[in-house]
Amino acid sequence: INCRIKIDPSCFSSMLNTLLHRGPDGEGCYYFSDGCSALGHRRLAVIDLTENGKQPMSNEDGSIWITCNGEIYNYKELREILQAKGHRFASRSDTEVIVHGYEEWGEACVDRLRGMFAFGIWDSNRNQLLLARDHFGIKPLYYYQDSAQLIFASELKAIIACPQVQRKLNTHALCDFFFYRYIPSPRTIWEGMFKLPP
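For the structure given in this document, a descriptive report is provided here. The model shown is predicted, which means the values in this text are computed figures rather than measured ones. (Residues numbered from 1 in each chain as written. Predicted model: local features only at pLDDT ≥ 70, side-chain atom pairs only at ≥ 80, totals over all residues. Heavy atoms only, no water.)

On to the pattern of salt bridges, then. According to the stated counting rule, one finds 5 salt bridges in the structure shown. When the shortest N-O distance is used, the salt bridge between K157 and E155 registers 3.8 Å. Here R187 makes a salt bridge to D176, at a shortest N to O gap of 2.8 Å. In this pair, R187 is assigned in the loop between α6 (171-180) and β9 (193-195) and D176 in helix α6, connecting sequence segments 11 residues apart. For D176, a relative accessible area of 12% puts it in the buried group. (Salt bridge = Lys/Arg side-chain N within 4 Å of Asp/Glu carboxyl O. Helix = DSSP H or I, 4+ residues; strand = E, 2+ residues; numbered from the N terminus. Buried < 20%, exposed > 50% of the residue type's maximum accessible area, 1.4 Å probe, protein only.)

Another aspect to go through is the sheet that holds strand β7 (residues 142-145). One open sheet accounts for 3 strands, arranged β8-β7-β9; its pairing is antiparallel. The sheet terminates laterally at β8 (150-153) and β9, the two strands that pair on one side only. With strand direction ignored, the average angle separating the axes of adjacent strands in the sheet is 20 degrees. For β7 and β8, the ladder comprises 4 bridges, and the chain directions are antiparallel. Residue pairing in the sheet places Y142 in a bridge with A153 of β8. (Pairing = 2+ DSSP bridges. Axes fitted to C-alpha atoms, helices over the stretch in contact; angles between N-to-C directions.)

Taken together, the 6 bridges between strand β1 (residues 26-31) and strand β2 (residues 38-43) define a ladder with antiparallel strand orientation. Along β2, the bridge assignment pairs G28 with H41. A loop of 6 residues connects β1 with β2, the two strands running antiparallel in sequence, and G35 in this loop sits at a positive phi of about 75 degrees.

With that settled, consider helix α1 (residues 9-17). Of the positions making up α1, those classed as buried are C11, F12, M15 and L16. Across the axial projection of α1, the buried residues extend over an arc of 140 degrees, all falling on one side. Tucked into the core, α1 has its buried residues touching β1, β2, β8 and α5 (156-160). (Arc of directions from axis to C-beta. Contact = heavy atoms within 4.5 Å.)

On to helix α3 (residues 94-105), then. An α-helix turns once per 3.6 residues; consequently, residues spaced three or four apart project the same way. With 12 residues, α3 should reach 16 Å at 1.5 Å per residue; the first-to-last C-alpha distance of 16 Å fits that figure. Residues of α3 that are buried include every one of D94, T95, E96, V97, I98, V99, H100, G101, Y102 and W105, and no others. Those residues of α3 hidden inside the fold are in contact with β3 (57-58), β4 (64-72), α2 (75-84), α4 (109-112), β5 (115-123) and β6 (128-133). Two to three positions downstream of the cap, the backbone nitrogen of T95 sits 2.9 Å from a side-chain oxygen, assigning the N-cap of α3 to S93. (Expected span 1.5 Å × (residues − 1). Polar contact = N/O pair within 3.5 Å; in protein donor to acceptor, adjacent residues only side chain to side chain.)

Below is the structure:
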């Protein structure tokens, strides 16, 4: 998601390809009409193996888009609740349950999810991005933000593949690593890049 910088599709594809090992079963990209925003996904097909399960995924009118890493364990139960409320599903995917859950409950949909997940939802009606991780922090989600852009990914190497991102070592995080033998949230080894807390 960029604020002022036009997205170069070849650069975006290169960033996405750094995550090939996380999702070898397919690739999806959605470029928004403003030319400054995009969502990408490397797919590991587990639940819905058809094209309908492909991500990024949207609601019926294309106003809400999601890219999600992980698995929602209670998606069948949530699907039944949402169908009873009139939501129509185009796939058998657990990810689509998050889309309709967000439509129904807003940000509170996260409280209903049981599983391991990290996702980003772009809501064009509100011009708002929601980033979320599972409650135990099993699935990773990193982000970088400066005055011109916001980038998020499941691995830091996808973010540093962007030429506009400055690569500066975070010396405080380095001290944390030597003291704790890991880097606690929200810091990462790179200045200006952060781990989203669970």
